[in-house]
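Here's the letter readout for the chains.
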Amino acid sequence: MVELNLSHVEQSFLKQCRTKTISTRIPYITVDNFPKLGLFTALRFIEWVSDNPDGVVSLPTGKTPEYFIKWTKRIVDNWDDAEIKELRKKYGLQAKKRPAFGGLQFVQIDEFYPISSLQHNSFYHYVNEYYIKGFGLNPDNALLINSDTIPLPEGKHFSEVFPDSYVDLSLRYREAKTSFEQLQQKAVFAIDDWCTKYEKAIQEKGGIGFFLGGIGPDGHIAFNTRGSDHHSTTRLTATNFETQAVAAGDLGGIEISKNRLVITIGLHTITYNPEAAAIIFAAGEAKAPVVRDALEKEKSNIYPATVLHKLKNARFYLTTGAASMLEDSIEMYYKSGDWTHDKTERAVIDLCKKLDRYGHHIRLDDLKKDKYCSMIPGLDNNTVQSVIDSILAKMQKGMEDENKETYYHTGPHHDDIMLGILPHIHRLLRNESNHAFFSVLTSGFTAVTNQFLRDALEDTKRFLNNGLIQMVDYPDFFEIGYSLKWDKDVYHYLNKVASGEPSERRRGLAHRIIRAIVVIHRIKNKEELRNRIDDILAILRRSYDGEKNTPDIQTLKGMLREFEEELVWAHFGIQVKNVHHLRLGFYTGDVFTAQPEKDRDVKPILEKLKQINPSVVSLAFDPEGSGPDTHYKVLQAIADAVRLWSEETDLSHLRIWGYRNVWYKFHPAEANVVVPVSLNAMAVLEDSFTNCYLSQVDASFPSYQHDGKFSELTKNTWVDQLKTIQLLLGKNYFYQNASPRIRSTHGMLYFKEMNVDEFLDNARELEKSMEGVSL
């Protein structure tokens with residue numbers, strides 16, 4: 001067991017931690033959810049600063065620090081309030097005096113290169129905004145990475161030396177072939193020298209005393225990606241695909257992040273001070289594999305965070321989901337509480353995977369030899385069959401016919417519903433006694449690149465100038481005509497999908513763009529329309545990639561995504577009036593979006609629930625924030641709406657379907673509905689995604705798991721889920737089955753059906769923590 005040397009705050013959280021045994025190479029402490037993770041981290045930071053008011057700190061950027069930053073400011077700014085005093089007492093923060101941050105010395109962890117320090121998506125801007133200004137640090141005590149001021153040959157700016165923002169690191173090793181390449185080569189060496197001086201400056205401070213960082217999908221800390229030398233120091237370096245995919249949101253697309261280098265402190269930099277408190281925090285099951293590798297594997301360049309094994313004050317702060325693959329967590333799952341059939345399912349299915357053996361080949365002796373299967377009460381020759389039977393029951397539930405149901409399908413973003421549950425929706429809508437309504441709860445404008453909008457507007461301008469947008473010539477178009485026949489736009493577009501006319505599809509998109517511009521800007525005639533298109537194009541040309549757009553351009557991008565969503569569901573005969581675009585106000589495009597509010601965000605959902613009166617509500621079930629932060633904020637808003645509705649209406653009949661997609665996946669034991677997916681269903685997914693989600697086809701903001709469209713990743717997920725079930729049931733169960741539907745199964749979709757009380761129980765603790773009530 002690892003030796004613990006915990007602070008008072010850490011001891012307090014450990015007492016509340018579900019995991020009581022810590023056998024990893026670095027101590028870790030778990031909390032229930034993402035917001036509470038921020039509270040824990042903030043209290044530990046304040047505790048350390050109280051003991052080290054002149055210490056050297058290095059703090060993270062991105063979305064993960066959201067609640068760390070918010071809680072730190074709230075605690076310090078309201079130090080003497082009764083509520084904060086109670087919180088400090090409860091969690092062991094013994095400092096009596098409000099900590100002062102002015103004496104701290106700050107070290108910036110990393111930065112893209114090149115990037116202007118004036119851009120809001122630069123990390124230089126982030127640390128100045130949230131740490132230097134936000135925490136009141138002294139800028140004179142800060143070591144920052146400002147691309148604009150790193151000296152280059154001949155006093156040139158990086159925009160002169162690297163005009164396309166591309167830095168060719170091969171110039172370190174090869175001969176420069178032109179005079180311009182010679183200049184670039186000298187610049188690369190100048191940056192290398194600057195990095196060496198930055199490293200020296202950190203060491204002269206004694207190294208970093210308090211390091212807080214996230215962990216990337218490849219296990220990186222800072223920008224030390226998989227394979228980084230544990231002796232690495234500050235350097236200019238390239239990244240890998242996983243890191244580029246995560247950075248795409250910051251930089252405006254994978255097209256940019258693939259060609260952008262980074263300056264990062266090294267693994268040796270982080271561990272230079274042997275007394276450093278080095279904390280890695282992570283939330284959600286998506287991080288579970290890299291957390292497991294960092295805490296349980298031997299030290300290796302393949303696992304960058306294993307460098308922290310040598311620091312006695314290194315810690316991992318985790319949500320229960322992020323810790324779920326640790327041996328401690330697995331053991332606790334099986335040993336705590338009553339034994340359930342879910343545990344039996346998980347143990348047997350995992351044994352099939354571990355042995356790579358079909359369920360009917362698992363013998364009683366195999367079960368007895370397995371650490372967790374051996375715990376199954378009444379273990380006998382029928383144990384595996386009991387699991388086979390329960391999985392078949394879940395499959396049967398996924399194939400049941402339903403009649404006269406009203407479905408209200410919700411998604412945080414456009415495409416979430418499709419990627420989460422499309423095959424099941426498609427099959428149930430074949431029964432015309434069923435009715436479906438769809439709501440996308442956020443505008444989704446951040447998923448549309450400036451380049452996509454520019455191209456679409458150029459097309460629109462060309463069609464308009466060539467007289468190919470006839471609707472603008474109708475005498476009442478700019479008064480009322482623009483607001484009519486939105487279903488016609490959808491129908492005509494899909495006709496051109498059917499006839500295979502890409503140019504006509506672009507013209508169809510142009511029709512919707514014009515309607516949107518008229519709505520947003522209250523355009524009165526064709527001249528105004530042309531001028532407004534030119535104005536928007538001019539703004540986009542002046543904008544840098546990843547820049548926050550003006551509200552009108554955000555709305556236009558959002559309306560393009562809304563059109564895409566309407567196109568998808570029109571495949572199944574759903575009219576525009578049944579596809580709702582709620583545009584909840586917490587979604588702003590800022591680094592940190594606001595918390596959902598009752599009047600602004602919950603009330604619109606409640607009104608739809610009352611209006612539709614569904615018998616089934618589907619939603620993205622991501623209570624720990626494994627995917628984008630909008631997922632759990634939307635979950636909170638829906639839970640609040642359902643709770644309010646339940647106070648005035650009997651909802652005993654209401655079923656909640658919690659689905660997951662590319663960000664977060666169910667184990668078969670967690671799901672209670674398993675839906676067979678055919679090649680036909682996969683083709684429907686692929687074709688409708690490709691033809692309808694025009695802004696997503698180039699995969700500018702891909703998942704780190706796949707360099708391509710989300711539809712491709714979803715198919716891969718369904719196929720992998722089938723493999724898990726096939727390993728239990730045997731392949732012959734499928735190809736020899738009497739049912740054509742089973743014989744045609746080539747993927748599996750999992751989801752969890754809940755009643756209202758079960759759903760609200762899952763959401764309640766998250767809601768309390770996000771509101772700061774659970775102190």
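Right above here is the structure, for reference.
Attention here is on the structure that accompanies the text. (Residues numbered from 1 in each chain as written. Predicted model: local features only at pLDDT ≥ 70, side-chain atom pairs only at ≥ 80, totals over all residues. Heavy atoms only, no water.)

## A look at the overall build of the chain
Per the secondary structure count, the chain includes 28 helices and 17 strands. Expected size for 775 residues packed as a compact globule is a radius of gyration near 28 Å; at 28 Å, the chain falls within 12% of this value. For the chain, the spread of C-alpha atoms along the three principal axes comes to 80 × 70 × 60 Å. Going through the 775 residues of the chain one by one, you find that 59% of them count as buried. Taking the intrachain contacts of the chain between residues at least 6 apart in sequence as the baseline, contacts between residues at least 24 apart amount to 79%. Of the charged side chains in the chain, 94 are positive and 104 negative; the average position of the first set lies 1 Å away from that of the second. (Helix = DSSP H or I, 4+ residues; strand = E, 2+ residues; numbered from the N terminus. Rg over C-alpha atoms; globule rule 2.2 N^0.38 Å. Buried < 20%, exposed > 50% of the residue type's maximum accessible area, 1.4 Å probe, protein only. Contact = heavy atoms within 4.5 Å. Lys, Arg positive; Asp, Glu negative; His and termini not counted. Charge placed at Lys NZ, Arg CZ, Asp CG, Glu CD.)

## Describing the pattern of salt bridges
For the structure shown, the criterion picks out 49 salt bridges. A salt bridge links Glu47 to Arg44, with the nearest nitrogen and oxygen atoms 3.0 Å apart. Taken together, the residues Glu47 and Arg44, both in helix H2 (residues 34-51) and three residues apart, mark about one turn of the helix. Comparing Glu47 with Arg44, the two get one shared label, buried. Its salt-bridge partner being Asp415, residue Arg561 comes within 4.0 Å of it at the nearest N-O pair. (Salt bridge = Lys/Arg side-chain N within 4 Å of Asp/Glu carboxyl O.)

## Overview of unusual backbone geometry
Cis peptide bonds are those with omega within 30 degrees of zero, and the linkage from Tyr113 to Pro114 qualifies with -5°. Looking at where Pro114 falls in the secondary structure, it is placed in the loop between strand S4 (110-113) and helix H5 (123-133). The backbone phi angle of Ser165 is positive, close to 65°, even though this residue is not glycine.

## Overview of the packing of aromatic side chains
Counting across every chain of the model gives 34 aromatic pairs. Centroid distance Phe34 to Tyr632: 5.6 Å. Interplanar angle 85°. Geometry classified as edge-to-face. Placement of the pair is Phe34 in helix H2 and Tyr632 in helix H23 (residues 629-646), with a sequence separation of 598 residues. Look at Tyr407 and Trp657: their rings are 5.6 Å apart centre to centre, the planes differ by 35°, and that puts the pair in the tilted class. With Tyr407 in strand S11 (residues 406-411) and Trp657 in strand S15 (residues 655-659), this pair connects stretches of sequence that are 250 residues apart. Like Trp657, Tyr407 is buried. The rings of Phe45, Trp48, Phe68, Phe101, Phe106, Tyr126, Tyr130, Tyr131, Phe135 and Phe210 are connected pair by pair, giving a single aromatic cluster. (Phe/Tyr/Trp six-rings, centres within 6.5 Å; stacked < 30°, edge-to-face > 60°.)

## Considerations on the side chain of Thr41
Take Thr41: it is sitting in helix H2. Within the local environment of Thr41, its side chain forms a polar contact with the backbone oxygen of Leu37, the two atoms lying 2.7 Å apart. With sequence-adjacent residues up to four places away left out, Thr41 is seen in contact with Phe68, Leu212, Phe281 and Tyr317. (Polar contact = N/O pair within 3.5 Å; in protein donor to acceptor, adjacent residues only side chain to side chain.)

## A few points about the packing of helix H17 (residues 450-465) against helix H21 (residues 551-570)
The contact between H17 and H21 brings their axes to 11 Å, and the two run at 80°. In terms of their interaxial angle, H17 and H21 are classed as roughly perpendicular. Within the contact between the two elements, H17 uses Asn450, Phe452, Leu453 and Leu457 and H21 uses Ile553, Leu556, Lys557 and Leu560. Looking at the contact of H17 with H21 residue by residue, the class counts come to six nonpolar, one polar and one charged. (Axes fitted to C-alpha atoms, helices over the stretch in contact; angles between N-to-C directions. Parallel < 35°, antiparallel > 145°, perpendicular 65-115°, else oblique. Nonpolar A, V, L, I, M, F, W, Y, C, P; charged D, E, K, R; others polar.)

## Some thoughts on the sheet that holds strand S6 (residues 210-213)
The strand order across the open sheet formed by seven strands is S1-S10-S9-S6-S2-S3-S5, and the pairing between neighbours is parallel. Edge positions in the open sheet fall to strand S1 (28-31) and strand S5 (142-143), since each of these has one partner strand only. In terms of strand pairing, strand S3 (residues 105-107) meets S5 through two bridges, oriented parallel. In the sheet register, Val107 faces S5, and the bridge partner there is Leu143. (Pairing = 2+ DSSP bridges.)

## Side note on the sheet that holds S4
Spatial ordering of the open sheet is given by S4-S8-S7, a layout of three strands whose pairing is antiparallel. A single partner strand is all that each edge strand has here, and the edge strands are S4 and strand S7 (235-237). Taking the axes of each pair of neighbouring strands and ignoring which way they run, one obtains an average angle of 25° across the sheet. Across four bridges, the pairing between S4 and strand S8 (residues 261-264) is antiparallel. Among the inter-strand pairings, Phe112 is bridged to a residue of S8, identified as Val262.

## Regarding the packing of helix H3 (residues 66-77) against helix H4 (residues 82-90)
Across the interface, H3 lies against H4 with an axial gap of 9 Å and an inter-helix angle of 115°. In terms of orientation, H3 lies roughly perpendicular with respect to H4. With respect to the hand of their crossing, H3 and H4 are arranged in left-handed fashion. Each of Trp71, Arg74 and Ile75 in H3 lies in contact with H4, whose residues at this interface are Glu83, Ile84 and Leu87. Grouping the constituent residues of the contact of H3 with H4 by class yields four nonpolar, no polar and two charged. (Left-handed = near helix turned anticlockwise from the far one by under 90°.)

## Examining the nonpolar core
As a rule of thumb, soluble globular proteins bury nonpolar side chains together. Ranked by size, the top nonpolar core spans 106 residues in total, and within it Leu308 and Phe316 carry the most contacts. Sorting elements by how many residues they give to this core places H2 first, with ten residues. Aside from chain neighbours lying at most four places away, what touches Phe316 is Ile26, Pro27, Tyr28, Ile29, Ile215, Ile280, Val291, Ala294, Leu295, Ala305 and Leu308. Counting residues in each nonpolar core, the second largest holds 74 residues, with Ile417, Val448, Trp657 and Tyr693 among its members. (Core = buried A, V, L, I, M, F, W, Y, C linked by side-chain atoms within 4.5 Å.)

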